[in-house]
Amino acid sequence: MTTTRPDTAVDEVHILWTSEGMSCDGDTVSVTAASLPSIEDVLLGLVPGLPKVHLHNKVLAKETGSEFMAAFHQAAAGQLGPYIFVVEGSVPNEKINGDGYWTSMGNDPATGQPITVNQWIDRLAPGAWAVVAIGTCATYGGIHAMAGNPTGCMGLGDYLGADFRSAGGLPIVNVPGCPVQPDNFMETLTWLLYQAAGLAPMIPLDRQLRPTWLFGKTVHEGCDRAGYYEQGDFAHDYNSPKCQVKIGCWGPVVNCNVTKRGWMDGLGGCPNVGGICIGCTMPGFPDKFMPFMDQPPGASVSAGTVGVYGAMIRRLRSITNKTANKEPKWRHNEDKLTSGYDPRWRG
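Rules used in this analysis
- Residues numbered from 1 in each chain as written.
- Predicted model: local features only at pLDDT ≥ 70, side-chain atom pairs only at ≥ 80, totals over all residues.
- Heavy atoms only, no water.
- Phe/Tyr/Trp six-rings, centres within 6.5 Å; stacked < 30°, edge-to-face > 60°.
- Buried < 20%, exposed > 50% of the residue type's maximum accessible area, 1.4 Å probe, protein only.
- Helix = DSSP H or I, 4+ residues; strand = E, 2+ residues; numbered from the N terminus.
- Bend = angle between axes of the 7 residues up to and from the residue.
- Contact = heavy atoms within 4.5 Å.
- Patch = residues over 30% accessible without salt bridge, like charges linked within 9 Å, V, L, I, M, F, W, Y side chains within 5 Å.
- Areas by Shrake-Rupley, 256 points an atom, 1.4 Å probe, with all protein chains shown as cover.
- Salt bridge = Lys/Arg side-chain N within 4 Å of Asp/Glu carboxyl O.
- Expected span 1.5 Å × (residues − 1).
- UniProt positions renumbered as here; feature names shortened; annotations may be inferred.
- Pairing = 2+ DSSP bridges.
- Axes fitted to C-alpha atoms, helices over the stretch in contact; angles between N-to-C directions.

**Concerning the packing of aromatic side chains**
- One pass over the structure, following the stated rule, counts seven aromatic pairs.
- Pairing Y229 with F234 gives two aromatic rings, centres 5.6 Å apart and planes at 90°, and the pair type is edge-to-face. Like Y229, the residue F234 is buried in the burial classification.
- Between W250 and F289, the aromatic rings sit 4.8 Å apart at their centres with planes inclined by 75°, giving edge-to-face as the arrangement. In this pair, W250 sits in the loop between α9 (226-230) and α10 (258-261) while F289 sits in the loop between α10 and α11 (299-324), placing the two residues 39 residues apart along the sequence. No difference in accessibility class separates W250 from F289, as the two residues are buried.

Structure follows, in structure tokens:
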């Protein structure tokens, strides 16, 4: 059987990546550690079936100044082929900036004035085949959008609106994390590239526009410490290998796969290495998860309830464990067979 690619399939894609939002560039740095696939594999064409990819990211580019900015200006003028627009960093509210601006990228060739990130989003998002928000700052606002901030900044979805659709017919694709888990982003990008090439269906997203296969489960569901929770066995300090809910972990209610995936090559990840989950992949981060290190609201009730049940289960399991750690009594070096062997046929 042969399959045919749709007429809308593309063979070449540009990735226009701005990290000039309210950002620390941590997501760009994180993605350099990806391996499933690596950014190098995608750019070198080593992943079968992907279109040819041209990456425009200031941290990873060899071009500088106006030479680097050329692709962004061409895209804004409708002169660049299909592109994916990646936004890193939260979007400030330029309507409240007074006489200045919060953040910008490059200068207008005609006026010499800085071009704000908001202007770039207005110019590039509508024409992009897909728009991807990378990291929690870009997806939901993150640290910079917490209560008391002076910039009024927000996530890309707040800025563009819930009804936004790209030129490829996609909503914003959110890949949160502070910073983003590198393979989570590269898997998402790879799906979008296959979709652009006509080789994958519409990317599945949850209500918060996160890829469902990455954020469909909670930290707790994949955590090696979850068995301790079920037995009501909790850590009381950060040196313990037991469940950390009582010392500030939000894992039971946070959508993230880091406990399963790890951070780099399957290693690391907050609870995996003794850290608590502070909810950095969630729209309510950080405000709804502070103060960090304090026991989450409701955890005392749930932990208290499971503590009663868990203590009983732990006791019963210890009895069974003690029994299972003893060999059967018929294994001995004596002169009588006591295993219960009783052949039905005797010669």
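**Describing α11**
- The sharpest bend along α11 reaches about 30° and sits at G307.
- On its buried side, α11 packs onto α9.

**With respect to a nonpolar patch on the surface**
- Judged by side-chain polarity, Y238, M290, F292 and M293 come together as a nonpolar surface patch covering roughly 370 Å² of accessible area.
- On the secondary structure map, M290 appears in the loop between α10 and α11.
- Relative accessible area serves as the criterion here: at 37%, M290 is assigned to the partly exposed category.

**Quick look at helix α7 (residues 182-196)**
- Taking 1.5 Å as the rise per residue, α7 with 15 residues should run 21 Å; its terminal C-alpha atoms sit 21 Å apart, in good agreement.
- Across the 15 residues that make up α7, a large majority, twelve, are buried.
- A positive phi of about 80° marks G198, the residue just after α7.

**Observations concerning the UniProt feature "domain: NADH:ubiquinone oxidoreductase-like 20kDa subunit" (unreviewed entry) in the protein**
- Using the residue numbers shown here, the UniProt feature "domain: NADH:ubiquinone oxidoreductase-like 20kDa subunit" (unreviewed entry) corresponds to residues 24-190.
- Its end C-alpha atoms 24 Å apart, residues 24-190 is made of 31% helix and 16% strand.

**Structural notes on the sheet that holds strand β1 (residues 12-18)**
- The strand order β2-β1-β3-β6-β7 describes an open sheet built from five strands, whose pairing is parallel. Two strands close off the open sheet at either side, each with one partner strand: β2 (52-57) and β7 (173-175). Strand-to-strand, the axes of this sheet are offset by a mean angle of 20°, without reference to chain direction.
- As defined by bridge partners, β1 adjoins β2 across six bridges and the pair is classed as parallel. In the sheet register, H14 faces β2, and the bridge partner there is H54.
- The strands touched by helix α4 (residues 117-124) are β1 and β3 (83-88); relative to β3, the strand with the most contacts, the crossing angle is about 155°.

**Comments concerning the UniProt feature "binding site: [3Fe-4S] cluster" (unreviewed entry) in the protein**
- Look at the UniProt record and you will see "binding site: [3Fe-4S] cluster" (unreviewed entry) annotated at C277 and C280.
- Looking at the secondary structure, you find C277 in the loop between α10 and α11.
- Given a relative accessible area of 7%, C277 falls into the buried group.
- Those residues in contact with C277, other than ones at most four positions away along the chain, are V219, G248, C249, W250, G251, V254 and P271.
- As for its placement among the helices and strands, C280 is situated in the loop between α10 and α11.
- When residues no more than four places from it in sequence are discounted, the contact partners of C280 are T136, G177, C178 and F285.

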